[in-house]
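Below are the chains, spelled out letter by letter.
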Amino acid sequence: MENILNADFLASMIRIAIPLTLAGLGGVFSEKSGVINIGLEGMMLTGAFVAVAATNFSHNPWIGILFAIIVGIFLGLIHAIVTVSFKANQIVSGVAINLFASGITVFLSWLWFNETQIMALERLPIWGFGIPSAGESSSLIRSLIVIFAHHSPMVYIAFIIVLLSHIIIFKTPFGLRLRSVGEYPHAADTLGINVINMRYIAVMISGAMAGLAGSFLSIEQAHFFVKEMSGGRGFIALAAMIFGKWTPFGTLGAALLFGVGEALAIRLQGVFAIPVQFINMVPYLLAIFVLVGAIGRASAPAADGIPYEKEIL
Amino acid sequence: MSKINQKSHFYLVILEKITPFIAILGALFIGSLVILLMGENPIQVYKMMFGLAIGNRDGWGNVLFRATPLIFTGLAVAFAFRCGLFNIGGEGQVYVGAFLAAYVGFTFTGLSAVLLIPLTIFAAALGGAFWASIPGILKAKTGVHEVIVTIMMNWIAASLTFYLALLYKAPATESMKAAGVQQMIPHTSEIAEAARLPRMATILSYFNIQFPSHNPLNVSFFIAIIAAVVIYYILWKTNLGYEIRAVGHNPMASEYAGISIAKNIILAMVISGALAGLVGTNEVMGYKFRWRQELFLNLGFNGIAVALLGKNHPLGVVLAAILFGILSYGGALVNIFTGGKIPRELIIVIQAVIVILVVVADEIVKRLIIRRKLV
């Protein structure tokens, strides 16, 4: 057991949890304002593609990440136009964005690179301490470095974003407005809060988070883009958000739980003869169990999923 | 209400009916902008696309062959939607239903066609129904949102059926043994001759109608049309359909009127899943005669677009599926004839734009009508 539950295991748990956390935060911002965003999956996928494409064109991974965020914001804007301004069904719009993403990423892959699997030419550096070799320092220090201080910069940035999101949503006037348009938009409107604007901003932040999450998948985890590589993580992120009661820290916690599940499944494969297909099911099964477990204690924003009508028609 | 208002109201009702056409034109326009950006002539590309797809019998046969699974998955989404449910798990239900059909087809090889064909069709529906019943029961009993659960069930189905395909992998052929290679993508053994659906060419030859024998169009297309008629009948002519639509329209009022929400949710999901599973009749029983994952890729997801474009009505679903069949077959041909210059994924982009435009146009027209009524 000790060669399963070691420092490397915890480090891989964190790496698996990062994209889920970021996309889940996207869900938190969007749904706190009253807009369901199941387009997270497609926004992640597009972010993953754009990150690799822009990295390869500019030879700078940071530019890749930047463009992934910009494209995420753009897709968020489309979702906002369709659902907030035109008040169309939010699930349908999200499905359309996912469909669009799976088409456009492969379309542009063929057009720009002539293949559907694109290697990322550049990588982000590792920030933190180097891992000491055995005997150089105690195993405790080595473990601590592996878990906390030997990661891609995006890992640290993700944790900072969780903290910032918590502060923004729960400690600032902006966050109060955001939550008020998601709980009781008519009351917010009478107080002079622009419901439409708030929802646009929230959905675009959501897109930015999903795009960033996607860039982590391709540039950091896989070092390549391949079609459909988001693999349902946008939806798992939504499950994490629900289990985390629509809060940033709760979402992080739930994402880490998914990280444990997936990392454990990968390790156990080496111990028992479990077919790889059953290992692959673990995150999805876990998501269903987590959702069932969240029933009764979860509390969605009151106006979540309901388009805002100024006058009730 | 003044006479003028009534008249303009009438125009709006017409407008409401034709929103899908506006959406299709809008999407083709956006698609043409993309083609222009690629430095090609959109009129030529579209001419090629439609000309090749529906210019002759072979083209029509391929279009209807591609439309058949979309009729099934489109009906699946539309039926669940009538109960207020988003079944976006068609993908997984197709995998499981088609696998069960293939399993029955290659296992009960001793049976005669009279028995084996209905049994295999039933297996396809049963597999899909079973897979959809899980999110249905979870939704009815615990309230877990079906959207996330059905998506998760898709991925689980993909892994499970892939595992089963390895388990029931077709034995290596002599040529593969000689070359010492293995199947790259696992596929099952072929189903029994008695489980196969006749090709359209065979049927038409009885009537002395010329039809290319290599064309994959088969009897499954008729099964899809029958399914559309049956779904229409269930929804609008039976108590079950009335209850399902009532729950979809206003669950609280239905409960108050003595209609069980839970029962109807589970039933709607089971029927929806059965429809998705029936895709197995086309791809397994009528086309490749074996289960192979890539045969079913995106059929479930495209069913969502088909249902939306068809306004969740069986007739609309059939027409939308045929349109998507044209786009899909035409897009594939354009890709080949331009030497890969225009990737076929352009069609997926156009489909996504159709979905967005159709919901936006519907919403605008709905609002206009409500405003008229208030005047």
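Each value, and the rule that gives it
Residues numbered from 1 in each chain as written. Chains lettered and ligands numbered in written order. Predicted model: local features only at pLDDT ≥ 70, side-chain atom pairs only at ≥ 80, totals over all residues. Helix = DSSP H or I, 4+ residues; strand = E, 2+ residues; numbered from the N terminus. Rg over C-alpha atoms; globule rule 2.2 N^0.38 Å. Buried ≥ 20, exposed ≤ 12 C-beta atoms within 10 Å, placed from the backbone. Contact = placed C-beta atoms within 7 Å. Expected span 1.5 Å × (residues − 1). Nonpolar A, V, L, I, M, F, W, Y, C, P; charged D, E, K, R; others polar. pLDDT = per-residue confidence, 0-100. Core = buried A, V, L, I, M, F, W, Y, C linked by C-beta atoms within 7 Å. Bend = angle between axes of the 7 residues up to and from the residue. Axes fitted to C-alpha atoms, helices over the stretch in contact; angles between N-to-C directions. Parallel < 35°, antiparallel > 145°, perpendicular 65-115°, else oblique. Left-handed = near helix turned anticlockwise from the far one by under 90°.

**Digging into the overall build of chain B**
- Within chain B, the secondary structure is distributed over 16 helices and zero strands.
- Its C-alpha radius of gyration of 22 Å places chain B within 12% of the 21 Å reference for a compact globule of 375 residues.
- Taken over 375 residues, chain B has a buried fraction of 52%.
- Taking as baseline every contact in chain B between residues at least 6 positions apart, the subset at least 24 positions apart corresponds to 77%.

**Describing the overall build of chain A**
- From N to C terminus, chain A includes twelve helices and four strands.
- The C-alpha radius of gyration computed for chain A amounts to 20 Å, which stays within 12% of the reference 20 Å derived for 313 residues, consistent with globular compactness.
- C-alpha atoms of chain A, sized along the principal axes, occupy 70 × 45 × 35 Å.
- Classification of the 313 residues of chain A by burial places 50% in the buried group.
- Contacts in chain A between residues at least 24 apart in sequence constitute 78% of all its contacts with a sequence separation of at least 6.

**Details of helix α2 (residues 40-58) of chain A**
All names here are of chain A.
- Helix length check: α2 (19 residues) gives 26 Å between terminal C-alpha atoms against 27 Å at 1.5 Å per residue, within 8%.
- The element α2 is largely enclosed, with a buried count of 16 among its 19 residues.
- One or two steps after α2, the chain reaches H59, where phi turns positive at roughly 55°.

**Describing the interface of chain A and chain B**
- At the junction of the two partners, chain A supplies 37 residues and chain B supplies 35 residues.
- Taken together, the elements giving at least two residues each to the side of chain A that touches chain B come down to α4 (90-113), α10 (233-243) and α12 (276-294) of chain A.
- The leading source of residues in the side of chain A that touches chain B is α4(A), at 14 residues.
- Of the residues in the side of chain A that touches chain B, the class split is 29 nonpolar, seven polar and one charged.

**Quick look at the confidence of the model for chain A**
- Put simply, chain A has an average pLDDT of 90, and 95% of its residues get 70 or more.
- Looking at the elements of chain A, mean pLDDT is at its lowest for helix α5 (residues 139-148) of chain A, recorded as 78, and at its highest for α2(A), recorded as 97.

**Observations concerning the environment of A:F57**
Residue and element names in this part refer to chain A.
- Structurally, F57 is set in helix α2.
- Given 13 C-beta atoms within a 10 Å radius, F57 is considered partly exposed.
- It is 9.2 Å that separates the C-alpha atoms of F57 and L121, two residues lying 64 residues apart in sequence.

**With respect to the nonpolar core**
- A:A239, B:L75, B:A98 and B:V355 are the most contacted members of the largest nonpolar core, which has 224 residues in total.
- Apart from residues lying up to four places away in sequence, A:A239 is in contact with A:A287, A:V290, A:L291 and B:I148.

**Points about helix α5 (residues 113-142) of chain B**
Residue and element names in this part refer to chain B.
- Under the 1.5 Å per step criterion, the end-to-end length of α5 is 43 Å for 30 residues, consistent within 8% with the ideal 44 Å.
- At S133, α5 shows its maximal bend, which comes to roughly 30°, and the proline P135 appears one to four places after that position.
- Backbone geometry just after α5 places G143 at a positive phi near 85°.

**Looking at unusual backbone geometry**
Residues and elements named next belong to chain A.
- Despite not being glycine, H59 has its phi angle at roughly 55°, a positive value.
- Examined against the element boundaries, H59 turns out to sit in the loop between α2 and α3 (61-85).
- Although it is not a glycine, N114 sits at a positive phi angle of roughly 65°.
- Take N114: it is sitting in the loop between α4 and β1 (117-119).

**Examining the packing of α2(A) against α10(A)**
Residues and elements named next belong to chain A.
- The contact between α2 and α10 brings their axes to 7 Å, and the two run at 130°. By the angle class used here, α2 and α10 are oblique. Judged by the sense of rotation from one axis to the other, the crossing of α2 with α10 is right-handed. Together, L40, E41 and M44 of α2 and R233, G234, F235, A237 and L238 of α10 make up the contact between the two elements.
- Of the residues in the contact of α2 with α10, the class split is five nonpolar, one polar and two charged.

**Some remarks on the packing of α2(A) against α3(A)**
Residue and element names in this part refer to chain A.
- Running from amino to carboxyl end, α2 crosses α3 at an angle of 145°, the nearest separation of the two axes being 7 Å. In terms of crossing hand, the pair formed by α2 and α3 is right-handed. Across from G42, M43, T46, G47, V50, A51, V52, A54, T55 and S58 in α2, the residues of α3 making contact are P61, I63, G64, I65, F67, A68, V71, G72, L75 and G76.

**Side note on the environment of B:L164**
Residues and elements named next belong to chain B.
- Here L164 lies in helix α6 (residues 146-167).
- According to the C-beta neighbour criterion, L164 is buried, with 20 such atoms within 10 Å.
- In this structure, the C-alpha to C-alpha distance between L164 and H187, residues 23 residues apart in sequence, is 9.5 Å.

**Side note on the confidence of the model for chain B**
- Scored by pLDDT, chain B comes out at a mean of 91, with 97% of its residues at no less than 70.
- Model confidence for the complex is summarised by a pTM of 0.91, with the ipTM given as 0.89.

**Some thoughts on the environment of B:L299**
Residues and elements named next belong to chain B.
- Position of L299 relative to the elements: it lies in helix α14 (residues 299-309).
- A sequence separation of 65 residues divides L299 from I234, and the C-alpha atoms of the two residues are 24 Å apart.
- Setting aside chain neighbours within four positions, we find L299 in contact with P69, L70, T73, V94 and V279.

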